[in-house]
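So you can see what is in the structure, the chains are spelled out below.
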Amino acid sequence: MPKYVFVTGGVVSSVGKGVLAASLGLLLEYRGLKVAMMKLDPYINVDPGTMNPYEHGEVFVTDDGAETDLDLGHYQRFTHAHLSQKSNVTTGGIYNAVIQKERRGEYLGKTVQVIPHITDEIKSRIRMLTTEENSDVDIAIIEIGGTVGDIESQPFLEAIRQFKLEVGTRECCYVHVTLVPYIEAAGELKTKPTQHSVRALRDIGIQPNVIVCRTGSHKLGVDQRRKVALFCDVSDNAIISAEDITPFYAIPLNLKNQGLDDTVLELLDIEAPEGDLSEWRTIVDRLISATEVVRIAAVGKYVSHNDAYKSINEAFVHAGIANECKVQLEWVDSECFEQGEDPEKVLADYDGVLIGPGFGSRGIEGKIKAVRYVRENKKPFFGICLGMQIAVIEMTRTCLGRPEANSTEFNTETPDPVVSLLTEQLGVQAMGGTMRLGAYRCELKAGTKVRAAYGQDVIGERHRHRYEFNNNYREPLEKAAGLVVSGIHPKIDHELVEIIELEDHPWFCASQFHPEFKSTPLNPQPLFRDFVKAALACRRERG
Ligand code: GLN
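The following paragraphs examine the structure supplied in this document. (Residues numbered from 1 in each chain as written. Predicted model: local features only at pLDDT ≥ 70, side-chain atom pairs only at ≥ 80, totals over all residues. Heavy atoms only, no water.)

Here's the deal with the sheet that holds strand β11 (residues 239-242)
(1) Moving on: Across the sheet, which stays open at both edges, the seven strands sit in the order β5-β2-β6-β1-β7-β10-β11 with parallel pairing between neighbours. Whereas interior strands pair on both sides, the edge strands pair on one side only; in this sheet they are β5 (88-90) and β11. On average, each strand axis in the sheet is inclined to that of its neighbour by 20°, with strand direction left out of account.
(2) Moving on: Sheet strands touched by helix α6 (residues 154-167): β1 (3-10), β2 (35-41), β5, β6 (139-144) and β7 (172-179). Its angle to β1, the strand with the most contacts, is close to 150°.
(3) Moving on: Along the sheet, helix α7 (residues 192-204) makes contact with β1, β7 and β10 (210-214), crossing β7 at roughly 145°. (Pairing = 2+ DSSP bridges. Helix = DSSP H or I, 4+ residues; strand = E, 2+ residues; numbered from the N terminus. Axes fitted to C-alpha atoms, helices over the stretch in contact; angles between N-to-C directions. Contact = heavy atoms within 4.5 Å.)

Dropping the structure here:
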C-alpha cells in the first residue's frame, strides 16, 4: 500500500511548493523508493489548458495529452514519476465529475454537498493516482495549490484531513511550505506569519509534521528554528531552512543536508537505504563550473511572466550541462522587425535563434523576417511548434515565390495555406482539450541531423497545437528550399510532418512537437543539446 505526503503552502503563493515536492520526490527515489506525484489546483478551470501562459505560466503537457500546471514540469525534471491525466486535478475537474454523476442519478435522493460529495471525489482522485502504472508506488506526494486560508483550497484541505483518518497516522504526513520574511528594519527573519499560517492549518484540523521555511537570501538561525518548532508543535529536526539556492538544481542537496528525506521516512515508518546522490551532484558541479556563454535570441512576443516558457528555459539549462557551457536565452521582440529594425543588426551577435511556441497573429511577420535572416545567413536555428510553422511559411514565400503564403490561423483567405487545419480539426468549436495533444509516434529519416541527434529511428514527443504542415507543399519545398522532412507520424491515408531540417545549413531544425517537455538534467533533450552545440560552434567560429 502506498503512503502519502501532502504538501501545503502558507503565507503567500509562489513559495516554491512545486520544487519542494519535486525535490522530496528526488531524494526518496535515490533511496530506492518509487514515487508518484500529483498536484491539486484550487481554480475552477477544468484544466489549465485554457489559461493564458503569459499570466499563469506555461501549460505542461503529459504523454497522454493532459494539459497541466507547470509544477508537473518540476516533477518531470526532478523525478521519474509517471505523469498522466491523473496527476493534476482542479476544482473545476472535481465539480465537473460530481455534477455529471448527479445528472446520471448516482446520488439519487441525496442533497449533493461539498462534504461529503466533493471531498469524497477529491479523495477518490488521490487514490486513483496509485493505480495502473503507479500501483507499485511506495510514496505518493500530493501538492495542494494555493495558500492555506484561500476560500478555494478549503475542500482540498478538508479532503486531505479526512484522508489521514481513513489511512492512519503512520501512512501519511503533512509538509507545510511557508514564507519567513526578512524585515530589513529589524534586521531579522520573522516567524510570526508562519505561526499564523500553521494556526490556520490547525483550525482546519491539520497539524503539519514538517515545516519548510522559505527564508529568501537568509538562513534560519537556531533560535528561529526553535521558535517555529515550539509555536507550531513540530520537532526541531522537522524545521527546514529553505533559503534561495543557485543553481536551482542544488535545492535537493540543501534539503538532503538537513535530512528532509530522513524525517519524512521516519514519520512514515519506512526504512530505506541511504541514497547516493553523486550523479545529481555532478550535474550541479557542471552547472557551477561552466564558464563559456552561448547567447540565444528567442524571437517572439514580449513576455513578462518568467514561467511562460519554463520548460524551454530549463531544456536550455540541460543543454548547457551537456555542452559544458551556460546558455543565455535573451528575448527579442519580433515586432521590432515589423517596425523596420534590420534582422542582421539585431541578430548578428547571437550564436543561435529560437522561435518558440505561440498562438495568435501578433508579431508573426517579424518572426518570418527573422527566419529568413537565419536561413540565408546560416545561423543555427531551432523552431518549436509555431516555430516550425513560421519556418515553412517563410520558405514558401521566399523560395517558392508565394508572398501571401501563411497559416490559416493568421489568414483564413491565404491563397497558399502552407499551414492549415486537418479535417479532424475543421468542425471543432470548443477550446478546452481539443488540440492535438500528447505523445505521437514519430519515425525519423536515416541520414538526417535529427536522426543523428536522437540516435534512434522512432521517437515519441508531445504535441499541443491545432494547425499542421500542409503536405501539398512538401515536394515543392524539398526541391526549391532544400527542405528535408526528418520525421513523420504515419496515418492511414497520409503522413503528418513532425520535424524538418535544411540540407545545406549548419543547424536549421524545427519540430511541430514540443521537445522541451521531456528534457531533464540527467537526460538533456537531443535537439536542444545539438542546437546548443551548433550555437557553440558558431560562437567559436566568430571568435
Ligand atoms: N498556434 C499554433 C497551432 O495551434 C502553434 C501552437 C504552438 O506553438 N503550441 O497550431
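Structure shown, so let's carry the discussion forward.
Some words on the pattern of salt bridges
(1) Moving on: Using the criterion set out here, one finds 48 salt bridges in the structure.
(2) Moving on: One salt bridge in this structure joins R451 and D457, with 2.5 Å as the shortest N-O distance.
(3) Moving on: Among the residues examined, R451 registers a relative accessible area of 22% and is labelled partly exposed.
(4) Moving on: Each of R31, K256, D261, D262 and E274 takes part in a single network of salt bridges with overlapping partners. (Salt bridge = Lys/Arg side-chain N within 4 Å of Asp/Glu carboxyl O. Buried < 20%, exposed > 50% of the residue type's maximum accessible area, 1.4 Å probe, protein only.)

Examining unusual backbone geometry
(1) Moving on: Residue P116 is bonded to the preceding I115 through a cis peptide linkage, with omega at 10°.
(2) Moving on: Along the chain, P116 turns up in helix α5 (residues 114-129).
(3) Moving on: Omega for the bond connecting T246 with P247 falls within 30 degrees of zero, at -10°, which places this linkage in the cis form.
(4) Moving on: Inspection of the secondary structure puts P247 in the loop between β11 and α9 (251-257).
(5) Moving on: Here the phi dihedral of D269 falls at roughly 60°; this positive angle occurs in a residue that is not glycine.
(6) Moving on: Locating D269 in the fold gives a position in the loop between α10 (260-268) and α11 (278-289).
(7) Moving on: Classification of D269 as exposed rests on a relative accessible area of 52%.
(8) Moving on: A positive phi angle, near 50°, is found at E324, a position not held by glycine.

Concerning the site of the ligand
(1) Moving on: Neighbouring residues of the ligand: P357, G358, F359, C385, L386, Q389, E409, R464, H465, R466, Y467 and H514.
(2) Moving on: Taking G358, its main chain carries an N or O atom lying 3.0 Å from a nitrogen atom of the ligand.
(3) Moving on: For the ligand, a nitrogen atom lies 3.2 Å from a polar atom in the side chain of H514.
(4) Moving on: Protein coverage of the free-state accessible area of the ligand, which is 300 Å², stands at 99%.
(5) Moving on: For the shell around the ligand, the secondary structure elements donating two or more residues are α16 (386-399) and β19 (458-465).
(6) Moving on: In the shell around the ligand, the residues fall into five nonpolar, four polar and three charged. (Near = heavy atom within 4 Å. Polar contact = N/O pair within 3.5 Å; in protein donor to acceptor, adjacent residues only side chain to side chain. Areas by Shrake-Rupley, 256 points an atom, 1.4 Å probe, with all protein chains shown as cover. Nonpolar A, V, L, I, M, F, W, Y, C, P; charged D, E, K, R; others polar.)

Let's talk about α5
(1) Moving on: A rise of 1.5 Å per residue sets the reference length of α5, with its 16 residues, at 22 Å; its end C-alpha atoms lie 21 Å apart and thus fit the reference within 8%.
(2) Moving on: Elements that come into contact with the buried residues of α5 comprise β1, β2, β5, α4 (91-104), β6 and α6. (Expected span 1.5 Å × (residues − 1).)

Structural notes on the pairing of strand β17 (residues 417-421)
(1) Moving on: Where strand β16 (residues 406-407) lies against β17, two bridges are found, and the strand directions are parallel. Residue pairing for β17: N406 is matched across the bridge by P417.
(2) Moving on: Where β17 meets strand β20 (residues 467-469), three bridges bridge the pair, whose relative direction is antiparallel. Paired with S420 across the strands is E468, a residue of β20.

Some remarks on a positive patch on the surface
(1) Moving on: Together, K192, R199, R202 and K227 give the surface a local cluster of positive charge.
(2) Moving on: You can see R202 is positioned in helix α7. (Patch = residues over 30% accessible without salt bridge, like charges linked within 9 Å, V, L, I, M, F, W, Y side chains within 5 Å. Lys, Arg positive; Asp, Glu negative; His and termini not counted. Charge placed at Lys NZ, Arg CZ, Asp CG, Glu CD.)

Things to note about the side chain of K86
(1) Moving on: With respect to the secondary-structure elements, K86 resides in the loop between α3 (71-78) and β5.
(2) Moving on: Engagement of the side chain of K86 in a polar contact is seen with the side chain of T131, the distance being 3.1 Å.
(3) Moving on: Ignoring any residue separated from it by four or fewer positions in sequence, one finds K86 in contact with M38, M128, L129, T131, E132 and E133.

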